[in-house]
Amino acid sequence: MKAILFDFDGTLANTLPVSFYAFQQVFNTYDGKDLSDEDVKNMFGPPEPEIIRGNLQHSDKEKAVDLFLEIYEKNHKALVEPNQEVTDMIKMLKERGYKLAIITGKSRASLDISLNALEMDEVFFDSIVTGDDVVNAKPNPEGLLNTLRDMNIEKSEAMFIGDSNADIEAGKQAGVTTVGVQWLPEFQSSEFTMKPDKIYKKVSDFTQSFG
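Presented here is an overview of the structure given in this document.

It is worth spelling out the overall build of the protein at this point. A tally of regular secondary structure across the protein gives 9 helices and 6 strands. Since a compact globule built from 211 residues should have a radius of gyration of about 17 Å, the 17 Å found for the protein is in line with a globular shape. Along the first, second and third principal axes, the C-alpha set of the protein runs to 50 × 30 × 30 Å. Looking at the protein as a whole, 53% of its 211 residues qualify as buried. Contacts spanning at least 24 positions in sequence make up 68% of the contacts within the protein whose residues lie at least 6 apart. Counting only carbon and sulfur atoms, one obtains 43% of the accessible surface of the protein, whose full area is about 10000 Å². Positive and negative side-chain charges of the protein, numbering 22 and 36 respectively, have mean locations separated by a distance of 5 Å.

Here it is, written out as structure tokens:
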């Protein structure tokens, strides 16, 4: 194994609460709709601006996108706690020489807000692919395959770690080892419809697997 690829929301950071909140505020403000967390989760896949453009009825879609990012940034520190175990895991893997990557459906704008707020240094990651960088969102394997190509890594040398069914399906289609995680307070899939090669419910269990 030479490369560890990570999803972001629900995997490296407990950002689902602030994502849910920002979407709920936007749809309430512009469409008068009260969305549940599950309603928001069902829209996940494309980056946030595309979710808003594709689902919002109101005509001021670009203003709604701006409002989403404003709310996301303003409430990030209140709703998202840094996770020291995750930070230590990333540092450990980097120190041991693994190539690390993030493959997320988030927009680059919201990912940058999260990385900055959580002080998660981008220098740890050899590749970052956001929803803005692909034509096809997960579960399509485009982002993973592009990452493997860019890092010159064979699929047999990589694992993809994520918290959603879309992550596991994308990993399977890309031909990499798949790891399903439920180690943060909120994650997308309570049960994986496609069985990952491994499932971890604690960060410590994953790190201990490296010996």
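Taken together, the 6 strands give an open sheet; going across it, the order is β3-β2-β1-β4-β5-β6, and neighbouring strands pair in parallel fashion. At either margin of the open sheet sits one strand with a lone partner, and together these are β3 (127–129) and β6 (198–200). Looking at each pair of strands side by side, their axes are set apart by 20° on average, direction ignored.

The subject of this paragraph is the packing of aromatic side chains. Counted by the stated rule, this structure contains 8 aromatic pairs. Between Phe 68 and Tyr 72, the aromatic rings sit 5.8 Å apart at their centres with planes inclined by 25°, giving stacked as the arrangement. Of this pair, Phe 68 and Tyr 72 are both found in helix α4 (residues 61–79), 4 residues apart, which corresponds to roughly one turn of the helix. Each member of the pair, Phe 68 as well as Tyr 72, is classed as buried.

Attention now moves to empty space enclosed by the protein. Inspection of the entire model under this criterion finds 3 cavities of 30 Å³ or more. What the largest cavity holds in volume is close to 80 Å³. As for the largest cavity, its lining consists of 13 residues, and the residues nearest its centre are Ile 103, Thr 104, Val 134, Ala 137 and Lys 138. Split by residue class, the lining of the largest cavity holds 4 nonpolar, 8 polar and 1 charged. The space that makes up the second largest cavity amounts to roughly 60 Å³.

Turning our eyes to something else, we now look at the packing of helix α1 (residues 16–31) against helix α3 (residues 48–55). Between α1 and α3, the shortest axis-to-axis distance is 12 Å and the interhelical angle comes to 30°. With respect to α3, the axis of α1 lies roughly parallel. Taken as a pair, α1 and α3 cross one another with a handedness that is right-handed. Mapping the contact onto sequence places Phe 23, Val 26, Phe 27 and Asp 31 in α1 and Glu 48, Ile 51, Ile 52 and Asn 55 in α3. Considering only residue class, the contact of α1 with α3 consists of 5 nonpolar, 1 polar and 2 charged.

The subject of this paragraph is the layout of surface pockets. Roughly 410 Å³ of internal volume is contained in the largest pocket. Along its surface, the largest pocket is lined by 23 residues, and Lys 41, Phe 44, Gly 45, Ser 164 and Gln 188 are the ones closest to its centre. If you list the elements that add at least two residues to the lining of the largest pocket, you get α1, α2 (37–41), α3 and α8 (165–174). If you tally residues by element for the lining of the largest pocket, the top one is α8, at 3 residues. When its residues are assigned to classes, the lining of the largest pocket shows 6 nonpolar, 9 polar and 8 charged.

Rules and cut-offs
- Here, residues in each chain are numbered from 1, in the same order as that chain's written sequence.
- Thresholds applied to this predicted model are a pLDDT of at least 70 for local features of residues and 80 or more for the giving and counting of side-chain atom pairs; totals over whole chains, interfaces and linings are not thresholded and use all residues.
- The side-chain figures draw on all heavy atoms in the structure; neither hydrogens nor water molecules are used.
- Every helix listed is a DSSP run of H or I at least four residues long, and every strand listed is a run of E at least two residues long, numbered separately from the N terminus.
- Only C-alpha atoms enter the radius of gyration, while the globule expectation follows 2.2 Å times N to the 0.38, with N the number of residues.
- Think of it in three bands: with a 1.4 Å probe and only protein chains considered, a residue is buried below 20% of the maximum accessible area for its type, exposed above 50%, and partly exposed in between.
- Note on definitions: a residue-residue contact is assigned when non-hydrogen atoms from the two residues lie within 4.5 Å.
- Here the Shrake-Rupley method, with its probe set to 1.4 Å, supplies the accessible areas, and only the displayed protein chains count as covering residues.
- Positive charges are assigned to Lys and Arg, negative charges to Asp and Glu, while His and the chain termini are left out of the count.
- Charge positions come from single atoms, namely NZ of Lys, CZ of Arg, CG of Asp or CD of Glu.
- Pairing between two strands is assigned when DSSP locates at least 2 bridges connecting them.
- For every element, the axis is a line fit to its C-alpha atoms; helices are fit only across the contacting stretch, and the angle between N-to-C directions ranges from 0 to 180 degrees.
- Here a Phe, Tyr or Trp ring, Trp counted by its six-membered ring, pairs with any other such ring whose centre lies within 6.5 Å, and the pair is stacked when the planes are under 30 degrees apart, edge-to-face when over 60, and tilted otherwise.
- Using protein atoms alone on a 1 Å grid, points that fit a 1.4 Å probe yet trap it form a cavity, whereas open point sets bounded by protein on both sides within 12 Å along at least five of seven lines form a pocket; residues with an atom within 4 Å of a point count as lining.
- Grid points are joined across faces, edges and corners, and a volume is the space filled by probe spheres set on the points.
- Only Asp, Glu, Lys and Arg are considered charged in this grouping, and only Ala, Val, Leu, Ile, Met, Phe, Trp, Tyr, Cys and Pro are considered nonpolar; every other residue, Gly among them, is considered polar.
- Orientation categories follow fixed angle ranges, with anything under 35 degrees roughly parallel, anything over 145 roughly antiparallel, 65 to 115 roughly perpendicular, and all other angles oblique.
- Less than a right angle of anticlockwise turn of the near helix away from the far helix marks a crossing as left-handed, whereas a clockwise turn marks it as right-handed.

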